[in-house]
Each structure stands twice: as C-alpha cells, then as structure tokens.
Amino acid sequence: MTIQKKQPICVDLFCGAGGLSRGLELAGYKSMVAVDFDPNATRTYKKNHPDAHVITGDICQLSVEEIAAHLHGQELDLLAGGPSCQGYSTHGKRDPNDPRNYLFEHYLRIAEGLRPKWILMENVHGMLTYNKGYFTEVILSKLEAMGYHADAKVLLAADYGVPQLRRRIFFVATRRDVQITFPEPTHGPSSGSAQPYTTVGEALFDLPPDAIEEKSRYLDSPKTQLQKYLRGASRSVTLHVGRPLSAQAAAIASFVGEGQGLRAVPVEVLPDRFKKMRRIGDGSLRRDCTTLYHRLDRAQPSYTITCHFRNIASGPFLHPVADRSLTPREAARLMTFPDDYVFEGVGIPRQIGNAVPPLMGKVVGEHILALDELADRKAYSTRRRKAIGERTSDAILCAS
C-alpha cells in the first residue's frame, strides 16, 4: 500500500542560523516560518532559506496568529526549535534565575495554539539533570496536558555520523496514534559498530592547514562521503581564516600533541594560574580531566563545538596539526554545515556554536517522518477494518 502525501511543512522557533531547518529540509520537510531574536542569525537564515518567512523578534511578544497567517491554511506537520539554553548549560553559569530558562513556555504556548501533528524540541543535555530534572518533567507534563504523548532522550551526534561528540536532549511529541521512538545509532567508537565514528580528519583534511586566505582552494578531490556532502558543487571554501595565537598560547600549543591538552605541557612552562589546578596524592598536578588547550585528534570526532571555538584557552579547539584555533568554516564543517552555507552579519562563531548540526536534524526528521507514515498506515488499517465490519453487518441484516 502506498499512501500519497503532500510535502510536510515545518516551523522553526529559535531558528538561529538554520541548522535544524536545513536538516529537516534534507529529510523532506518544507520550511514555512522561522523565528529568532538575533538579527544576524535571521540574516543568515534568510540567505540560506529564501522561501521561508523569517520573523526577527521576541518570541514572548509573538502571537500564534502571526505564524498561522504564513501557513496559508495548511495543517502544520512539525513545530521544531531549541529554546535558549544558557541557564542550564553545563558550559554556562547554570543560573536558576536566568529568564532564558523559561523561554520553553512560549514555545509550548505557540505549540498549543498551532496544534501541529508533531513537536520537536532540542536542548542541552544538562536540562535532563538540572535541578533533578525539573525542566524536563515540566515540559513533558505540559505536552501531555495539551493532549500529546511525549518522550525525551539524550542523543550523541557522533552516533549518527556527525564528527562531533555533541550530546543534546531531544523532546518528541505527537497527537497521532503511534508509539514514540528515537533513531537507532548508525555509528560507534569500536570496530563492532555498524560504521566507525566520523572523524575530524574526514571533516577537515581536504582544507589547507595554513588557513590564511578568506577564500581558499581545496587541497585535492574529496576523499570521504562527508567531504563530498560538505563540498557539494563548491569549488572553493570561504571563512577559512585562522586566528593567530598569542605568544603564551603558542608556547603552550608547541608542547601539545594530537589528542592532548594542557596536562601535556611541562609544569614549569605553565602560567601560574594553571599551577593551581587539582593535584593527586603525591602532590603532582593531575594529567587528565581538562580539555583546555586541547588539540583535536584527526582520528576521532571533535568535542562539542561551542561559541568559543576561536579561543583555544577555553576548550578543545586547537587544530590537529596547525598551531591555531579552528576557523569558522572548520567549525561549521564539524557541525555538518555544507561549504555553500553562507553566514551573515557579526557573531558568526555564536551562530555556528548555537546551531543544531544539519545532519543530526536530518536523522531526527527522517525518523519522525517514518513514525508519521506508520501512524498513517495504522489509521488506514483501522478505517479499512471498520468499513469491512460495517459492510458485513449490512450484509447480515439484508440476509435476515
């Protein structure tokens, strides 16, 4: 049985630069409306999603009617988005009074008004444990009170082919009659997995390591499936300019090999502030438990790309072979933005670091579409059995 369906449509709240929307489009959705407070991010979104209606503004002031007007009477298949997460991010201050902690309430307000078939919300995995899981339970309870059945799970991007150890919680909810599940991992760290993790080298090593020109030529032809996807029809790459290291950072980086961090640096070379770090029983400095000044390993996925990837003192953002931080294009590649994705305005590192990796969005979007098709088949079977039952009853009545 083949069920003919129109192209499903989606709305992306807190759309940022459009990583989630791009992934959903790759899965088969059509982006209709996108909303974000950051005008630079919405400039980027408009550039890369020209057919969507983009709203730059405060979601707290946004009405359901304003979004619905741009759906042109169509039923919304999917409401997606990732409310700002700094209040409970493990990389932030975890301020319980941060007003951004409660932006999800406006997401749910709009969801209740639009009544989409499916709801997808992405956030930092710290939400799962922050305040003993308070926010997670509140969101799930509110979705259920709205008539949806809902579930949440932390997914690791590397498990789905993204070259990054990025953990995020995904909430999925539906008002359709189908059990919610999450996509099964397709990649893993060991040879026993279906496919090995996609690595930093696979993502970056067709780019010139010197990174000194705004527009650079590729080193050679694409060698991996990921490189083919990232390059598409592009003949050159933009935003590939490295930031020179300070004298102190360069001195530290010279001691750091691939897959190593600050602990690889001789104690006598360390700045005084790092000599205060935790010590082990014999009084010596610990040699683990930090990713400061960490150099990425070409044979492994990267750590989570944050908004601070241009500062190697803040985390694991040292290039595998060059003594520099990641370029914006390299960070975008580790997020699986293709090379023809244009970033506009200022705050490009923030736009990249706050995004959902497009290939992660594609995986989740495809899974939701598969569940939706399962719900269609279930509904069709139910209607068919009911129709057969009615015809059988009528035949019996006629015979009697």
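For the structure itself, consult the block above.
All values reported here derive from a predicted model rather than from experimental measurement.

1. So, the overall build of the protein chain
Helix and strand counts for the protein chain stand at 11 helices and 9 strands. Per-residue burial for the protein chain yields a buried fraction of 52% across its 400 residues. Sequence separation of at least 24 residues holds for 65% of the intrachain contacts in the protein chain that already meet a minimum separation of 6. Accessible area for the protein chain stands at about 18800 Å²; split by element, carbon and sulfur atoms hold 52% of it.

2. Section: the sheet that holds strand S4 (residues 78-81)
An order of S3-S2-S1-S4-S5-S7-S6 is seen for the 7 strands of this open sheet, with the pairing classed as mixed. Unpaired on one side and paired on the other, strand S3 (53-56) and strand S6 (149-156) mark the two borders of the sheet. With strand direction ignored, the average angle separating the axes of adjacent strands in the sheet is 15°. In the packing of helix H1 (residues 19-27) onto the sheet, the strands contacted are strand S1 (9-13), strand S2 (30-36), S4 and strand S5 (118-124), and the crossing angle to S4 comes to about 145°.

3. Thoughts on the nonpolar core
Of all hydrophobic cores here, the largest spans 49 residues; its most connected members are Leu 78, Leu 120 and Phe 343. Listed in part, the 36 residues of the second largest apolar core include Val 33, Val 35, Met 127 and Phe 171.

4. Comments concerning the pairing of S3
When S2 meets S3, the two strands line up parallel, connected through 4 bridges. What sits directly across from Val 35, in S3, is Ile 55.

5. Let's talk about the pattern of salt bridges
Side chains that differ in charge, positive against negative, can pair when their charged atoms come close. Per the counting criterion, the structure on display carries 19 salt bridges. Asp 77 is the partner of Lys 117 in a salt bridge, and the nearest nitrogen-oxygen pair spans 3.6 Å. Of the two residues, Lys 117 is situated in the loop between helix H4 (104-114) and S5 and Asp 77 in the loop between helix H3 (64-68) and S4; the sequence distance between them amounts to 40 residues. Here Arg 231 makes a salt bridge to Asp 206, at a shortest N to O gap of 2.9 Å.

6. What to know about unusual backbone geometry
Phi is positive for Phe 14, which is not a glycine, with a value near 55°. Inspection of the secondary structure assignment puts Phe 14 in the loop between S1 and H1. Given the relative accessible area of 18%, Phe 14 is considered buried. Despite not being glycine, His 72 shows a phi value in the positive range, around 55°. Position of His 72 among the secondary structure elements: in the loop between H3 and S4. Residue classification places His 72 among the exposed residues on the basis of a relative accessible area of 62%.

7. Notes on the pairing of strand S7 (residues 167-174)
By the criterion of burial, S7 is predominantly enclosed, with 7 of the 8 residues buried. The pairing of S5 with S7 spans 7 bridges and is classified as antiparallel. Within S7, the residue paired with Glu 122 across the bridge is Phe 170. As paired elements, S6 and S7 share 8 bridges and run antiparallel to each other. Considered in S7, the bridge of Leu 156 is made with Arg 167.

8. Observations regarding the packing of aromatic side chains
Under the definition given, this model contains 5 aromatic pairs. Pairing Phe 104 with Phe 135 gives two aromatic rings, centres 5.9 Å apart and planes at 80°, and the pair type is edge-to-face. Separated by 31 residues along the polypeptide, Phe 104 in helix H4 and Phe 135 in helix H5 (residues 134-145) bring together distant segments of the chain. Phe 135 matches Phe 104 in its accessibility class, with the two residues each being buried. Note on Tyr 341 and Phe 343: the rings are 5.4 Å apart at their centroids and 50° apart in plane angle, and the pair reads as tilted. The exposure class assigned to Phe 343 is buried, which follows from its relative accessible area of 7%. An aromatic cluster is defined as three or more aromatic residues linked by ring pairs; in this entry it consists of Phe 104, Tyr 134 and Phe 135.

9. Some words on the packing of H4 against H5
In the contact formed by H4 and H5, the axes pass within 11 Å of each other and the chain directions differ by 10°. One element, H4, and the other, H5, form an angle in the roughly parallel class. Each of Phe 104, Glu 105 and Leu 108 in H4 lies in contact with H5, whose residues at this interface are Phe 135, Val 138, Ile 139, Lys 142 and Leu 143. Grouping the constituent residues of the contact of H4 with H5 by class yields 6 nonpolar, no polar and 2 charged.

10. Remarks on helix H2 (residues 39-48)
For H2, the full list of buried residues reads Asn 40, Ala 41, Thr 42, Thr 44, Tyr 45 and Asn 48. At the N-terminal boundary of H2, the capping side chain belongs to Asp 38, with an oxygen 2.9 Å from the backbone nitrogen of Asn 40.

11. Overview of the environment of Lys 153
When you line up the elements, Lys 153 lands in strand S6. Residues Lys 153 and Phe 170, 17 residues apart in the sequence, show an inter-C-alpha distance of 5.5 Å. What Lys 153 contacts, discounting residues up to four positions off in sequence, is Arg 168, Ile 169, Phe 170 and Phe 182.

Conventions adopted
- Residues numbered from 1 in each chain as written.
- Predicted model: local features only at pLDDT ≥ 70, side-chain atom pairs only at ≥ 80, totals over all residues.
- Heavy atoms only, no water.
- Helix = DSSP H or I, 4+ residues; strand = E, 2+ residues; numbered from the N terminus.
- Buried < 20%, exposed > 50% of the residue type's maximum accessible area, 1.4 Å probe, protein only.
- Contact = heavy atoms within 4.5 Å.
- Areas by Shrake-Rupley, 256 points an atom, 1.4 Å probe, with all protein chains shown as cover.
- Pairing = 2+ DSSP bridges.
- Axes fitted to C-alpha atoms, helices over the stretch in contact; angles between N-to-C directions.
- Core = buried A, V, L, I, M, F, W, Y, C linked by side-chain atoms within 4.5 Å.
- Salt bridge = Lys/Arg side-chain N within 4 Å of Asp/Glu carboxyl O.
- Phe/Tyr/Trp six-rings, centres within 6.5 Å; stacked < 30°, edge-to-face > 60°.
- Parallel < 35°, antiparallel > 145°, perpendicular 65-115°, else oblique.
- Nonpolar A, V, L, I, M, F, W, Y, C, P; charged D, E, K, R; others polar.
- Polar contact = N/O pair within 3.5 Å; in protein donor to acceptor, adjacent residues only side chain to side chain.

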